[in-house]
Amino acid sequence: MKTTASSMFRNANDDRLARPPRPRYGVDAPSFPALLGAAGTACCLASGRWRRGRTATATAGAVLLAGTGVYLHTTLRGKVGIWERELDRAGLKGDELLLDLGCGRGTVLIAAAGRLPDGRAVGADLWSGTDQSGNRPETTLANAAAAGVADRVDVHTADMTALPFADDSFDVVTSALAIHNISSSEGQRRALDEAMRVLRPGGQLLIADFWFAARKYAAHLGRDSTLRPLGPGYWYGGPWLAVTLLRAAKER
């Protein structure tokens, strides 16, 4: 039987339609890699026109373009795998109530929900499109549905510095690259205090943020917190914007 081009096209379309949708988590701070890539391209183009400083300009362009690639790998793939690993390490039993601060489009929220067949994952965000592309609650819920965990996920519009939840409400609180977006150090400390307030005694706090920010958080939370670098898979362009995991437990 002959296979025509039109039938092959129809079959390819049918295959695409039959595949379930996949969660799409967007790009963190999308303007940053766009500027980084544009600067790298400009340097590379300029190096072909200039005689003086050609090598230095070409090298700068290559470094900037490499940093753009590292950034995009982290935001599209690297952070997803690392959070899968860290949630496995958290030793969840499957019935916890978890809160994700600055949940965005649901990278951590949905990975956590997949580990909570008898629990619930709650996301809180102010939905800034500057901090993450296409950041809307509808997108997060659509991603949860695509991942098959919509029945375990709730999202709230809420400020991390004044959470609308009672004391001792959650077994786990997570946050990924969100607290540093609060403009003042005082506001960041309030967010940390709120996270600890809503944790139940014995609950754990897991925060991934830039290494310099995570150190400040650890100093505020005190000796019961620990820091661990998360490696090149969580670099936003290079080691100068590496991400560190802070873990703290609430006293019983």
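Relevant structure appears above.
Everything quoted here is computed from the prediction, not taken from an experiment.

Reading the values: the criteria
Residues numbered from 1 in each chain as written. Predicted model: local features only at pLDDT ≥ 70, side-chain atom pairs only at ≥ 80, totals over all residues. Heavy atoms only, no water. Helix = DSSP H or I, 4+ residues; strand = E, 2+ residues; numbered from the N terminus. Buried < 20%, exposed > 50% of the residue type's maximum accessible area, 1.4 Å probe, protein only. Contact = heavy atoms within 4.5 Å. Lys, Arg positive; Asp, Glu negative; His and termini not counted. Charge placed at Lys NZ, Arg CZ, Asp CG, Glu CD. Phe/Tyr/Trp six-rings, centres within 6.5 Å; stacked < 30°, edge-to-face > 60°. Core = buried A, V, L, I, M, F, W, Y, C linked by side-chain atoms within 4.5 Å. Salt bridge = Lys/Arg side-chain N within 4 Å of Asp/Glu carboxyl O. Pairing = 2+ DSSP bridges. Axes fitted to C-alpha atoms, helices over the stretch in contact; angles between N-to-C directions.

Draft legend 1. Layout of the overall build of the protein chain. In terms of helices and strands, the protein chain carries seven helices and seven strands. The linear arrangement of helices and strands in the protein chain, starting from the amino end, is α-α-α-β-α-β-α-β-β-α-β-α-β-β. Its C-alpha atoms put the protein chain at 65 × 65 × 30 Å along the principal axes. The buried share of the protein chain, reckoned over its 252 residues, is 44%. Taking as baseline every contact in the protein chain between residues at least 6 positions apart, the subset at least 24 positions apart corresponds to 75%. For the protein chain, the distance from the average position of its 31 positive side-chain charges to the average position of its 25 negative side-chain charges is 12 Å.

Draft legend 2. Quick peek at the packing of aromatic side chains. Counting across every chain of the model gives seven aromatic pairs. For the ring pair Phe-165 and Phe-170, a centre distance of 5.2 Å and an interplane angle of 85° mean the geometry is edge-to-face. Each member of the pair Phe-165 and Phe-170 is classed as buried.

Draft legend 3. The arrangement of the side chain of Thr-161 in detail. Of note, Thr-161 is situated in the loop between strand E3 (153–157) and strand E4 (170–176). When residues no more than four places from it in sequence are discounted, the contact partners of Thr-161 are Ile-182, Gly-187, Arg-190, Ala-191 and Glu-194.

Draft legend 4. Structural detail: the nonpolar core. Core analysis: the largest hydrophobic core is formed by 34 residues, its most contacted members being Trp-83, Ala-208, Leu-230, Tyr-234, Tyr-236 and Val-243. Counting only elements with at least two residues in this core, the list comes to helix H3 (54–89), helix H4 (107–113), E4, strand E5 (199–210) and strand E7 (243–249). Sorting elements by how many residues they give to this core places H4 first, with six residues. Setting aside anything within four residues of it in sequence, one finds Trp-83 in contact with Val-108, Thr-174, Ser-175, Ala-176, Leu-206, Ala-208, Tyr-234 and Leu-245. Formed by 26 residues, the second largest nonpolar core is a distinct cluster that contains Leu-101, Leu-192, Ala-195 and Ala-218.

Draft legend 5. How the structure looks around unusual backbone geometry. Positive phi outside glycine occurs at Trp-127, with the angle close to 65°. Within the secondary structure, Trp-127 sits in the loop between strand E2 (120–125) and helix H5 (137–146). For Leu-177, which is not glycine, the phi torsion reads 50° and is therefore positive. Following the sequence through the fold, Leu-177 ends up in the loop between E4 and helix H6 (185–198).

Draft legend 6. Geometry of the pattern of salt bridges. Counted by the stated rule, this structure contains twelve salt bridges. Arg-190 serves as the salt-bridge partner of Glu-186, at 3.3 Å between the closest nitrogen and oxygen. Here Glu-186 pairs with Arg-190, and both are found in helix H6, just four residues apart, close to one helical turn. Assessed through its relative accessible area of 51%, Glu-186 is described here as exposed. The salt bridge partner of Arg-197 is Glu-194, with a shortest N-O separation of 2.8 Å.

Draft legend 7. Main features of the sheet that holds E3. Taking strand neighbours across the sheet as the criterion, the seven strands line up as E3-E2-E1-E4-E5-E7-E6 in an open arrangement whose pairing is mixed. Every interior strand has two partners, whereas the edge strands, E3 and strand E6 (225–229), have only one. The mean inter-strand angle of the sheet, taken between neighbouring strand axes irrespective of direction, is 20°. The sheet contacts of H6 involve strand E1 (97–101), E4, E5 and E7, and relative to E5 the element is tilted by about 150°. Against the sheet, helix H7 (residues 211–221) engages E5, E6 and E7, with an angle of about 155° to E5.

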